[in-house]
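# Examination of the molecular architecture
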Amino acid sequence: MKSYRATTISLLIPSFSIFGFIFVAPLLYFFVVSFWRKKRFQLIPDATITNYVQVLEEYTRPLWFTFGVATIIGLVTTILAFVFAYVIRFKSGRYSLHLLFLVLITLFGGYLTKIYVWKTILGQTGILNTALMMLNIIDEPIMMFLFNPMAVVISLAHYMLPLAVLPIYGALRSIDETSLRGALDLGASRFRVFWDIVLPQCQMGIMAAFTLTFLFAAGDWVTPKLVGGPYTSMIGTFIQYQYGSRFNQPLGSAMAFTVIAISLLILVTIALVGKRILKPR
Amino acid sequence: MNQNTDHPLVQLTAVTKQFGHTVAVHLLELTISAGDFLAILGPSGCGKTTLLNMIAGFMLPDSGTIEIDGVDVTRHGPERRPTNMVFQGYGLFPHMNVRQNVAYGLRLRKMPRAKIDQRVNEIIELVDLKGFEDRNVTQLSGGQMQRVALSRALIMRPKVLLLDEPLAALDLKLRKSMQEELRRIHQSIGGTFVFVTHDQEEAMSLANRIVIMQDGKLIQEGTAREIYDRPKTRFVSTFIGEANLFSGYRKDDKVVLDIGLTFSNAGPDGHVDNVVRPEAITVSHSSGSIQNDLMTLKGKIDDIIFLGPYINCRITAAKRMVTVLVSSSSLPEGMTSGSDVFLAWRPEDNTVINEK
């Protein structure tokens, strides 16, 4: 038994040390800093909550906007991913592996590449505008596709989709098809089978997919900057600004931890509500 | 559960089902009466599970009709049929506890809560699961899961309860006790049970009627006794119990076997097979004690296998292997491998099969 434990611990050391040194430790540092003050480009150790008060007073709009957009991206991506995973699992027979491979292959190609691709698709001389002009639907390029929140939703949903498919597919795969036939046999309609048997069993996968996409969207600041336009004020942009241009680390940290706290609150609420709705009676 | 016993409860007419080029079930006719405990028995791939799935509504036949209690349900899905199924892998709902699993079907029927609770308690009592109501089904043993699956189906009071290899996943001892349990439940509620199995012993010990399938066709039906005593084909004779098969021919109501024995038996001329069950044959040291009217063969014991209450003797006689089953107490003294023996059986123990 003892050697088992030793093996387990030694196997965990590498990942734990990486996680500890480059994630937990900096996070703790910034948490402490968020209670400090800044004076003439100097950090003054303190225990003040003024930074947090400032965040909640002055950045209410970006916070609302950020979590609104993140929730929309989370929902859109999770729903699309669920439909796709469901088709792979139950409706595509022997093509399911091909479809799954298709999902994986879209992971190829980096984050920035995909954002720029969307920029060229939605942009002034992009594919969409060119196509509409060729079809004589519009006379001159229209700017409404790019530089708005919608473009952010489209770009991020597209980027996150394969990552959201995987946890849902994993959850769906572990569902025993006999249990679905069992429900049908007991008189359940297709919808009841889905609601009573399928959904509760893949709750964890759906939650994982939503969490992944929601958190990524809430914390992203590159996409809004590139395709969001000037009025898409996601909080990530402001945090980056505090660190990069204003050298106000205390305020930036307070913003970051506010975002983390609200994110956790939203996720826990959604998880609890979901659990409550799908609870078997 | 009290049906009129005069009309057939389930009537299958010319039912055919094909998968690609494989014919799973071919022009099958089957009648199930109310109160039957019917076994559909056959080797794997004979179409028995397809047949059960068509009765349940999980598969629709390509042609033919299925009537249950006078209603044509051929095109109905499982949710619209008065049947319920106990699945081979149980198919329990892993996110629900025992009570929720059992109550699920009644909840779908929007039955009042109090009534559901009462029915659930009744059925849980019946299948002996009291005290496990709030357990998660994933924490149960195989036998307990089987009981949950059974009660989940029985609580719906189906006109026909279908069971797909119900005991296949259980170990031998549990299987025996579940067999008794199933018989007891069938007797106490008096429903109609139809189950599929590849295990002839299970079919014989549970069912009051057995249907034997091979290659998508129904080849014989009857009680266990009828099928064992009068198998219609070579396949049936060896599938239900062990059989010694002697081939020969019949001419003028007289059967002549290749091993040199003759007996009278009415029927058409031509090739025949003669079945003699291992327990119908007696072995003795000399031919002196054998009566004249018996069929006799001289042989040599190859092997003696002790099986507790029985002894299985493998004997070479007339250049073929003959299996004889004698009760342990009646094997003559001094008989060992290599002993020369005489085999004898009564002419009425011959079962002549004339298969085309």
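Scoring rules and cut-offs
- Residues numbered from 1 in each chain as written.
- Chains lettered and ligands numbered in written order.
- Predicted model: local features only at pLDDT ≥ 70, side-chain atom pairs only at ≥ 80, totals over all residues.
- Heavy atoms only, no water.
- Helix = DSSP H or I, 4+ residues; strand = E, 2+ residues; numbered from the N terminus.
- Buried < 20%, exposed > 50% of the residue type's maximum accessible area, 1.4 Å probe, protein only.
- Contact = heavy atoms within 4.5 Å.
- Areas by Shrake-Rupley, 256 points an atom, 1.4 Å probe, with all protein chains shown as cover.
- Lys, Arg positive; Asp, Glu negative; His and termini not counted.
- Charge placed at Lys NZ, Arg CZ, Asp CG, Glu CD.
- Pairing = 2+ DSSP bridges.
- Axes fitted to C-alpha atoms, helices over the stretch in contact; angles between N-to-C directions.
- Patch = residues over 30% accessible without salt bridge, like charges linked within 9 Å, V, L, I, M, F, W, Y side chains within 5 Å.
- Salt bridge = Lys/Arg side-chain N within 4 Å of Asp/Glu carboxyl O.
- Phe/Tyr/Trp six-rings, centres within 6.5 Å; stacked < 30°, edge-to-face > 60°.
- Arc of directions from axis to C-beta.
- Parallel < 35°, antiparallel > 145°, perpendicular 65-115°, else oblique.
- Left-handed = near helix turned anticlockwise from the far one by under 90°.
- Nonpolar A, V, L, I, M, F, W, Y, C, P; charged D, E, K, R; others polar.
- Expected span 1.5 Å × (residues − 1).
- Bend = angle between axes of the 7 residues up to and from the residue.
- Polar contact = N/O pair within 3.5 Å; in protein donor to acceptor, adjacent residues only side chain to side chain.
- Domains from an automatic or database assignment.
- Core = buried A, V, L, I, M, F, W, Y, C linked by side-chain atoms within 4.5 Å.

Our focus in this paragraph is the overall build of chain A. When its secondary structure is counted, chain A shows 13 helices and two strands. In terms of principal-axis extent, the alpha carbons of chain A reach across some 75 × 70 × 35 Å. Put simply, chain A has 281 residues, and 39% of those count as buried. The long-range share in chain A, meaning contacts at least 24 apart out of those at least 6 apart in sequence, stands at 70%. When the accessible surface of chain A is split by element, carbon and sulfur atoms take 72% of a total near 16500 Å². Computed over 22 positive and 10 negative side-chain charges, the separation of the two mean positions in chain A equals 10 Å.

Residue and element names in this part refer to chain B. Spatial strand order, 2-1-4-5: four strands in an open sheet with antiparallel pairing. Unpaired on one side and paired on the other, strand 2 (22-33) and strand 5 (71-72) mark the two borders of the sheet. Pairing geometry for strand 1 (residues 8-19) and strand 2, over eight bridges, is antiparallel. Note on strand 2: the bridge partner recorded for Val15 is Leu28. Here helix 1 (residues 48-56) sits on the sheet in contact with strand 1, strand 2 and strand 4 (63-68), set at roughly 60° to strand 2.

Once that is clear, we can look at the pairing of strand 11 (residues 244-251) of chain B. All names here are of chain B. Taken together, the seven bridges between strand 11 and strand 14 (residues 270-276) define a ladder with antiparallel strand orientation. Its bridge partner being in strand 14, Leu245 is matched across the sheet by Val275. Judged from the four bridges that link them, strand 11 and strand 12 (residues 254-257) form a sheet pairing that is antiparallel. Bridge pairing in strand 12 links Arg250 to Val255. Here strand 11 folds back onto strand 12 in antiparallel fashion, the turn holding two residues, of which Asp252 has a positive phi close to 50°.

All names here are of chain B. Read across the sheet, six strands follow the order 6-7-8-3-9-10 without closing on themselves; strand pairing throughout is mixed. Looking along the sheet, the strands with just one partner apiece sit at the ends: strand 6 (83-86) and strand 10 (217-222). Direction aside, neighbouring strands of the sheet carry axes that sit 20° apart on average. Relative to strand 8 (residues 193-197), strand 7 (residues 160-164) runs parallel, the two being bridged by four bridges. Residue pairing for strand 8: Leu163 is matched across the bridge by Phe195. Taken strand by strand, helix 1 contacts strand 3 (37-41), strand 6, strand 7, strand 8 and strand 9 (209-214), and its axis lies near 150° from that of strand 7. Strand contacts of helix 4 (residues 142-154): strand 6, strand 7 and strand 8, with the helix running at about 175° to strand 6, the strand carrying the most contacts.

Residues and elements named next belong to chain A. Together, Phe19, Phe23, Val24, Leu27, Leu28, Ile260 and Leu264 make up a nonpolar patch on the protein surface, roughly 620 Å² of accessible area in all. Where the nonpolar patch is concerned, the elements lending two or more residues are helix 1 (2-33) and helix 13 (249-277). Mapped onto the elements of the fold, Ile260 is located in helix 13.

A separate point is unusual backbone geometry. The backbone of A:Phe247 shows a phi angle near 50°, a positive value even though the residue is not glycine. Structurally, A:Phe247 is set in the loop between helix 12 (235-244) and helix 13. Phi angles above zero are rare outside glycine, and B:Leu27 is one such case at about 40°. Its location among the elements puts B:Leu27 in strand 2.

With that out of the way, let us pick up the packing of aromatic side chains. What characterises a pair of aromatic rings is the spacing of the ring centres plus the angle enclosed by the ring planes. Residue and element names in this part refer to chain A. Taken as a whole and judged by the stated rule, the model has 23 aromatic pairs over all chains. With a centroid separation of 5.5 Å and 35° between ring planes, the pair formed by Tyr159 and Phe216 is classed as tilted. Linking Tyr159 in helix 7 (residues 149-173) with Phe216 in helix 10 (residues 203-219), this pair joins segments that are 57 residues apart in sequence. You can call Tyr159 buried: its relative accessible area is 17%. Pairwise contacts between aromatic rings join Phe31, Phe35, Tyr52 and Phe257 into one cluster.

This part covers helix 2 (residues 50-58) of chain A. All names here are of chain A. Where helix 2 is concerned, the buried positions are Asn51, Tyr52 and Val55. Buried residues of helix 2, viewed axially, fall in a sector of 100°; they line one side. The exposed residues of helix 2 that point more than 90 degrees off its buried face are Glu57 and Glu58.

The next point concerns the packing of helix 5 (residues 111-122) of chain A against helix 7 of chain A. Residues and elements named next belong to chain A. Where helix 5 contacts helix 7, the axes come no closer than 10 Å and their chain directions differ by 135°. By the angle between their axes, helix 5 is oblique relative to helix 7. Here helix 5 and helix 7 pass one another in a crossing that is right-handed. Together, Tyr111, Lys114, Ile115, Trp118 and Leu122 of helix 5 and Ala151, Ile154, Ser155, Leu156, His158 and Tyr159 of helix 7 make up the contact between the two elements. The class makeup of the residues in the contact of helix 5 with helix 7 is eight nonpolar, two polar and one charged.

Residue and element names in this part refer to chain B. Enumeration according to the criterion identifies 19 salt bridges over all chains in this entry. Here Glu221 makes a salt bridge to Arg209, at a shortest N to O gap of 2.2 Å. Highlighted residues: Glu221 in strand 10 and Arg209 in strand 9, separated in sequence by twelve residues.

This next bit is on helix 7 of chain A. All names here are of chain A. The end-to-end C-alpha distance of helix 7 is 35 Å, a good match for the 36 Å that 25 residues give at a rise of 1.5 Å each. At Leu161, helix 7 shows its largest bend, some 45°, and a proline, Pro162, comes one to four positions later. The N-terminus of helix 7 is capped by Asn148, whose side-chain oxygen sits 3.1 Å from the backbone nitrogen of Met150.

With that settled, consider the domain arrangement of chain B. Annotation of chain B at the domain level lists domain 1 (10-235), domain 2 (243-276) and domain 3 (278-350). Just the C-alpha atoms count here: the centres of domain 1 of chain B and domain 3 of chain B sit 41 Å apart.

With that settled, the discussion passes to the nonpolar core. Within the largest apolar cluster, 108 residues are counted, with the highest numbers of intra-cluster contacts made by A:Leu172, B:Leu12, B:Tyr104, B:Leu150 and B:Ile210. Beyond its immediate chain neighbours, meaning those up to four positions away, B:Leu12 contacts B:Leu28, B:Glu29, B:Leu30, B:Leu51, B:Ile55, B:Thr65 and B:Ile66. The next biggest cluster of nonpolar side chains, apart from the first, holds 37 residues, and it includes A:Phe67, A:Tyr111, A:Met160 and A:Ala254.

Right, let's talk about the pairing of strand 10 of chain B for a bit. Consecutive side chains along a regular strand alternate between the two faces of the sheet. In terms of strand pairing, strand 9 of chain B meets strand 10 of chain B through five bridges, oriented antiparallel. Paired with B:Ile212 across the strands is B:Gln220, a residue of strand 10 of chain B.

All names here are of chain B. With respect to the helices and strands, the residue Asn97 is situated in the loop between strand 6 and helix 2 (98-108). For Asn97, a relative accessible area of 16% gives the class buried. Of the polar contacts made by the side chain of Asn97, one reaches the backbone nitrogen of Gln100; its length is 2.8 Å. Excluding its chain neighbours within four sequence positions, the residues that come into contact with Asn97 are Glu133, Asp134, Arg135, Asn136 and Val137.

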